[in-house]
Amino acid sequence: MKKINRKNKLISFAPGRTCLFGDHQDYLGLPVIACAINRHIKLTAIKNEEKIFNINTPDIGKKRSINIYDKISFVEKGDHLLSALKVLRRYGCIPNIGYDITISGNLPINAGTSSSSAVVVSWVQFLLEAFGANHKITPEFISQIAYEAEVLEHGNPGGKMDQYSIGLGNIMYLETGKSNSYELFDCSIPGLIIGESGIPKETIGVLNELKENAWQAIHTLAMCYENFDIEKIKKKDIKKLSLHLPDRLEPFFYAAVLNHDITQKALLEFKKDHLDIKKIGILMNKHHTILRDVLKITLPKIDRMIEGALQAGAYGAKIVGSGKGGSIVTIAPEGKEQQVIDEIIKAGGKNAYPVKVDPGARIL
C-alpha cells in the first residue's frame, strides 16, 4: 500500500467556546473565565496542483478561491481568512502549494459560541502545519495569530478570549491586559448545557457601544486619580468614585467592577481541588443579573430561556458573549439535564444540548 505524505491531506479541528465569567470585560483588559466546548469546526485540506486555495464552506453555501501568490494589499472588513494569510506572511509562513479545502462543523453560526473564531483558528492552524513559520509553533502562537487576524487587522472591538480559549482548550482563566497570562484548569463541568436563542447576536454594534462607554468611565476616573487601575477597584470604592462620573457612565463602571469581583470569586472556586458546581452556578446567576439589569444586553426570549432553566432546577444560567441574541450557558444538576433542556426549548429556545469541556484546537 502506498504511503501517503501527511502534507497531502490535513485535518484541522477547532472547538467552539462559551464564556463562563467576564463577558464585556476582556476589551477593558480585565480577566475572563471561558471554556472550550465539544462542538467543532473541521477544516479538511487536500493538496492540489493549482497553486490555489479552493475553499468550500457548505454550511453557509459559499465557495471562494485564493491564489497563493496574490499580493494582499487590501482586505475587506470581515475577511478573516485573507487577513490571516496577511498576518502569517509577516511570520514567515509562505504558502507554496495549493489545497482544496472544506470548512464545516456543528457549531451554530452567529449564536455566541464563537464559530467565526473557530474557523480562524482552524485556518491558522492548518497554514502553520502545512507551511511552517519562523517562529515556534505552539497553541499560544496559533491563538495570538488568530487574534491578530480577526481583531487587530480589522480594528474590531473584541478581546482575546475567543481565540485563546479555542486554541488552548479546557477551562481558561485569561488575563487580557498587558501580561496576557493565563491558567488552565483540566477539569469537567458536569451538567453544562448550551441553549440557542435563534436570534443572531449583534456583536460589533453592542461591543462598540459598551466598550466606548466603559472606556469613557475609566478615562474620566484616570484623569481624577493619577494611579487609577480598574483591576484594583473594590466594591466599597464604587460609590465614592462614581461621584466623578456623569450619570450615563455610572452603570458601565459599576458593571466592570462587580463583574471583575465575580470573576475573581469564580477563579478561587476553580483553583480548589473539588469544584463546587452549586457555587459556580450562584456566581453565574450574579454575573447574568449585571449583564441583564445594568448592561442591558439581554432580550425577552433570552430571559425566558434562563428563567425556564432555573425553574427546572439549574444551578445557574447566563447569557453568553456580546448579547442582544446568541446563546445561554447553564449548569444542570445530575439527572435533571433533560428537564433543563426541555424548559429552554419550551421557553422559545431554538435548540439546547449538553456539552463537555474540550481539550482545544488540534491537527488530526
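Scroll up for the structure.
Before going into details, it helps to say that this report is about the structure given with it. (Residues numbered from 1 in each chain as written. Predicted model: local features only at pLDDT ≥ 70, side-chain atom pairs only at ≥ 80, totals over all residues. Heavy atoms only, no water.)

Let's talk about the overall build of the chain
Condition: Numbering goes from the N terminus for both helices and strands, where a helix is a DSSP run of H or I of at least four residues and a strand is a run of E of at least two. In this treatment the radius of gyration is a C-alpha quantity, and the globule benchmark scales as 2.2 Å times the residue count to the 0.38 power. Note on classification: 1.4 Å probe, protein chains only; a residue is buried when its accessible area is under 20% of the maximum for its type, exposed when over 50%, partly exposed between these limits. Pairs of residues are marked as contacts when any of their non-hydrogen atoms sit within 4.5 Å. When charges are tallied, Lys and Arg are placed among the positive residues and Asp and Glu among the negative ones, while His and the ends of the chain are skipped. Note on charges: their place is set at NZ of Lys, CZ of Arg, CG of Asp or CD of Glu.
For the chain, the helix and strand inventory stands at 10 helices and 12 strands. Taken against the 2.2 N^0.38 rule, which gives 21 Å for 364 residues, the C-alpha radius of gyration of the chain at 21 Å falls within 12% of a compact globule. Overall size of the chain, expressed as C-alpha extent along the three principal axes, is 70 × 55 × 40 Å. Here the chain holds 364 residues, and 56% of them are scored as buried. Across the chain, every contact between residues at least 6 apart in sequence was considered, and the portion connecting residues at least 24 apart equals 72%. Charge separation in the chain, taken as the distance between the mean sites of 47 positive and 40 negative side-chain charges, equals 3 Å.

Quick notes on the packing of helix H2 (residues 115–131) against helix H4 (residues 161–168)
Condition: Where helices are involved, their axes are fitted lines through C-alpha atoms of the stretch in contact, as for all axes, and angles between N-to-C directions lie from 0 to 180°. Between 65 and 115 degrees an angle is taken as roughly perpendicular, under 35 as roughly parallel, over 145 as roughly antiparallel, and anywhere else as oblique. Helix crossings are classified by the rotation of the near helix relative to the far one: an anticlockwise turn of less than a right angle makes the crossing left-handed, while a clockwise turn makes it right-handed. Amino acids outside the nonpolar list (Ala, Val, Leu, Ile, Met, Phe, Trp, Tyr, Cys, Pro) and the charged list (Asp, Glu, Lys, Arg) are all regarded as polar, and Gly is one of them.
One can describe the packing of H2 onto H4 by two numbers: an axis separation of 9 Å at closest approach and a directional angle of 55°. The pairing of H2 with H4 is recorded here as oblique in orientation. Crossing handedness for the pair H2 and H4: right-handed. On H4, the residues that touch Ser 117, Ala 118 and Val 121 of H2 are Asp 162, Gln 163, Ile 166 and Gly 167. When grouped by side-chain class, the residues that make up the contact of H2 with H4 number 3 nonpolar, 3 polar and 1 charged.

As for empty space enclosed by the protein
The criterion, for reference: Note on definitions: the grid is 1 Å and covers protein atoms alone; a cavity is a set of points where a 1.4 Å probe fits but cannot get out; a pocket is an open set with protein on both sides within 12 Å along at least five of seven lines; lining residues have an atom within 4 Å of a point. Grid points are joined across faces, edges and corners, and a volume is the space filled by probe spheres set on the points.
Within the structure shown, the criterion is met by 1 cavity of 30 Å³ or more. Here the largest cavity defines a volume of roughly 70 Å³. At 4 residues, the largest contribution of residues to the lining of the largest cavity is made by helix H7 (residues 250–271).

What to know about the pattern of salt bridges
Test applied: We define a salt bridge as a side-chain nitrogen of Lys or Arg found within 4 Å of a carboxyl oxygen belonging to Asp or Glu.
Applying the stated criterion across every chain yields a total of 12 salt bridges. Taking the shortest distance from any N to any O, the salt bridge between Asp 23 and Lys 318 comes out at 2.6 Å. One end of the pair, Asp 23, is in the loop between strand E1 (9–21) and strand E2 (32–48); the other, Lys 318, is in strand E9 (residues 316–319), and 295 residues separate them in sequence. Accessibility classification places Asp 23 together with Lys 318 in one group, the buried group. For Asp 293, the salt bridge goes to Arg 292, with nearest N and O atoms at 2.7 Å. Its relative accessible area of 40% is what places Asp 293 among the partly exposed residues. Under the relative-accessibility criterion, Arg 292 is labelled partly exposed at 32%. One connected set of salt bridges, linked through shared partners, spans Lys 86, Arg 90 and Glu 153.

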